[in-house]
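Understanding the architecture of this molecule
Read off the chains here:
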Amino acid sequence: MKDIQIKKLISAEKARQKKAINLIASENYVSKDVLEALGSELTNKYAEGYPGKRYYGGNEIVDKIERLAQERALKLFGLSPEEWHVNVQPLSGSPANTAVYTGVVPPGGKIMGMALDQGGHLTHGHKVSATGKFWQQVPYGLDQTTETLNYDQLRETGMKEKPAVIVSGFTAYPRTIDWARMKDVCESAESLMMVDMSHFAGLVAGGAYPSPFPFADIVTTTTHKTLRGPRAALIFSRKDSRELWKKIDKAVFPGLQGGPHVNQIAAVAVALKEAASPAFKKYAAQVVKNAKALAEELHGKGWRLISGGTDTHLILVDTWDDGKKDSRGAGGIPGKEASERLEKRGIIVNKNAIPFDTRPPADPSGIRLGTAAETTRGKKESDFRKIGKEIDRILRAKV
Ligand SMILES: Cc1ncc(COP(=O)(O)O)c(C=O)c1O
């Protein structure tokens, strides 16, 4: 690369990534093949439209790439092209969710989504997101005692509010979701069932988390978290008389986006092929085993975990625990300070609100940990137990 400034900065970031222990739950490390596709000449091409229906010439090869990405996406999740459609053009997760609402929720209509401070994502209708400005969020949360979903409460809210869609699938919820019960909630409320599986898509692909596809009408996912692909997103929708997929395709293009990023679509295709391998199945199982090992270690050291543990790649730790230090000295550290202390020692996490947080969002009560990235680097349960001990030691050290 001739641009020395950028070259140096890329090298520095590469070195940082190599050195750090990365516990950011939404990050991962892609393969060289994914990077190669991302950095290819495909970035030069404009391809507004869809395969066979482009607004520019020269798209014969691009059509093949997009169709291959679609085929691989459906195959990976065991879906037949007669029953499901997939749009592989969303630039990322937030535009994908916005495209779904643009397609199937009338302006000002209701989106029932988990509140941000309970574990939902901004694009599930939060007021600072466009999804909360153009549509109306009906927020829901967790049961305060169990810190898990209360499906009866959800049904009650759904039946009262009758939202156009109910979104499930979260950004900071460590448990599996009972999809059959969620379907029942959606049917009772006469709402579309939308699942945002961004966080656990790789686990679904690898058989380590229940698949929402037998139940959902629409499934969105980012491709760069547990799925270990480039930054992008997919929207799956059921092909039936409601023709949701046609409305969603129109919302992606020309509704919200122009030319798709063809290099990104090719890189997604590469990642989808990798995710279909037996090695990826093992990886997904290991991600969950590692998270359980880390959770056990932290719990054993006296840290309060939201919902008591995890079924996924993700753990939410209440580092503040109402400011009370227990007999072993755990607790009493705000999330911001906890994440800063860990970063100084090379462990990268993010501060995170916990359900029913009493502290402000900028300095919440907890931290979120994830095992997807370090599992890609080959770490096993014993490594994560060591990481747990190190986290405990750093957070308890006198400062
Ligand atoms: C559940 C969920 N949906 C959507 C997104 C948005 O993805 P992006 O950052 O690619 O816009 C995220 C990102 O963290 C997420 O966790």
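Quantities reported herein were computed from a predicted structural model and do not represent experimental measurements.

**Brief notes about the sheet that holds strand β9 (residues 218-222)**
Ordered in space as β4-β10-β9-β8-β7-β5-β6, the seven strands form an open sheet in which the pairing is mixed. For this open sheet the edge positions go to β4 (84-87) and β6 (136-140), each flanked by a neighbour on one side alone. Mean inter-strand twist for the sheet, computed between neighbouring axes without regard to direction, equals 20 degrees. Examined bridge by bridge, β4 and strand β10 (residues 233-238) share four bridges and lie antiparallel to one another. Looking at the pairing, H85 lines up with S237 of β10.

**A look at the site of the ligand**
Close to the ligand lie 13 residues, the nearest being S92, G93, S94, T171 and D196. In this structure, T171 approaches the ligand through a side-chain N or O atom, which is 2.6 Å from an oxygen atom. Within the side chain of H224, an N or O atom sits 3.4 Å from an oxygen atom of the ligand. Burial of the ligand by the protein amounts to 85% of the accessible area it has alone, namely 390 Å². Broken down by element, the residue count for the shell around the ligand peaks at three residues, all from helix α4 (residues 93-104). The class makeup of the residues in the shell around the ligand is one nonpolar, 10 polar and two charged.

**With respect to the domain arrangement of the protein**
Per the domain assignment, the segments of the protein are domain 1 (32-275) and domain 2 (278-396). Computed over C-alpha atoms, the centres of domain 1 and domain 2 are 27 Å apart. Taking both sides of the interface into account, the surface hidden between domain 1 and domain 2 amounts to around 2200 Å²; carbon and sulfur atoms contribute 58%. There are two salt bridges connecting domain 1 and domain 2. Salt-bridge contacts for E147 lead to R304; the nearest nitrogen and oxygen are separated by 3.1 Å. Here domain 1 and domain 2 share 12 residue pairs in polar contact (both at pLDDT 80 or more) between them.

**Focus on the packing of α4 against helix α9 (residues 244-256)**
Where α4 contacts α9, the axes come no closer than 8 Å and their chain directions differ by 120 degrees. Comparing their axes, α9 and α4 come out oblique. Where α4 crosses over α9, the two elements pack in a sense that is right-handed. Across the interface between the two elements, P95, T98, A99, V100, T102, G103 and V104 of α4 pack against L244, K247, I248, A251, V252 and L256 of α9.

**Examining the side chain of T131**
In this fold, T131 is placed in helix α5 (residues 130-133). Looking at T131, its side chain comes within polar contact range of the main-chain nitrogen of G125, at 3.2 Å. Residues in contact with T131, not counting those within four places in the same chain, are T98, Y101, I111, L122, T123, H124, G125 and H126.

**So, the sheet that holds strand β12 (residues 314-318)**
Taken in spatial order, the four strands make up an open sheet running β11-β12-β15-β14, and their pairing is antiparallel. Each having just a single partner strand, β11 (304-305) and β14 (350-352) make up the two edges of the open sheet. Pairing geometry for β14 and strand β15 (residues 366-370), over three bridges, is antiparallel. Each residue of the ladder has a partner; that of K351, found in β15, is I367.

**Some thoughts on the pairing of strand β5 (residues 110-114)**
Of all five residues making up β5, four are buried, and the element is well covered by its neighbours. Here β5 pairs with β6 via five bridges, running parallel. From the neighbouring strand, G113 faces β6, where its bridge partner is P139. As defined by bridge partners, β5 adjoins strand β7 (residues 165-168) across two bridges and the pair is classed as parallel. By the bridge assignment for β7, I111 is matched with V165.

**Side note on α9**
Those residues of α9 lying buried are L244, I248, D249, A251, V252 and F253. Those residues of α9 hidden inside the fold are in contact with β2 (49-50), β4, α4, β8 (192-196), β9 and β10.

**Side note on the pairing of β7**
Note on strand geometry: in a regular strand, side chains alternate between the two faces of the sheet. Residues V165 and V167 line one face of β7 and the alternating positions I166 and S168 line the opposite face, and both faces are buried. As paired elements, β7 and β8 share four bridges and run parallel to each other. Within β8, the residue paired with V167 across the bridge is M194. In the classification by handedness, the crossover that spans β7, the intervening helix α7 (residues 179-189) and the parallel β8 is right-handed.

**Some details on the nonpolar core**
Residues F77, L149, I177, M182, M197 and F236 are the most contacted members of the largest nonpolar core, which totals 59 residues. If one sorts the elements of this core by residue count, helix α10 (residues 262-275) sits on top with eight residues. Apart from the residues within four sequence positions on either side, I177 is in contact with L149, Y151, G169, F170, M182, Y209 and P210. The next biggest cluster of nonpolar side chains, apart from the first, holds 22 residues, and it includes L298, I315, A330 and I367.

Basis of the calculations
- Residues numbered from 1 in each chain as written.
- Predicted model: local features only at pLDDT ≥ 70, side-chain atom pairs only at ≥ 80, totals over all residues.
- Heavy atoms only, no water.
- Pairing = 2+ DSSP bridges.
- Helix = DSSP H or I, 4+ residues; strand = E, 2+ residues; numbered from the N terminus.
- Axes fitted to C-alpha atoms, helices over the stretch in contact; angles between N-to-C directions.
- Near = heavy atom within 4 Å.
- Polar contact = N/O pair within 3.5 Å; in protein donor to acceptor, adjacent residues only side chain to side chain.
- Areas by Shrake-Rupley, 256 points an atom, 1.4 Å probe, with all protein chains shown as cover.
- Nonpolar A, V, L, I, M, F, W, Y, C, P; charged D, E, K, R; others polar.
- Domains from an automatic or database assignment.
- Buried area = accessible area lost by both parts, 1.4 Å probe.
- Salt bridge = Lys/Arg side-chain N within 4 Å of Asp/Glu carboxyl O.
- Parallel < 35°, antiparallel > 145°, perpendicular 65-115°, else oblique.
- Left-handed = near helix turned anticlockwise from the far one by under 90°.
- Contact = heavy atoms within 4.5 Å.
- Buried < 20%, exposed > 50% of the residue type's maximum accessible area, 1.4 Å probe, protein only.
- Right-handed = clockwise from strand over helix to strand, strands pointing away.
- Core = buried A, V, L, I, M, F, W, Y, C linked by side-chain atoms within 4.5 Å.

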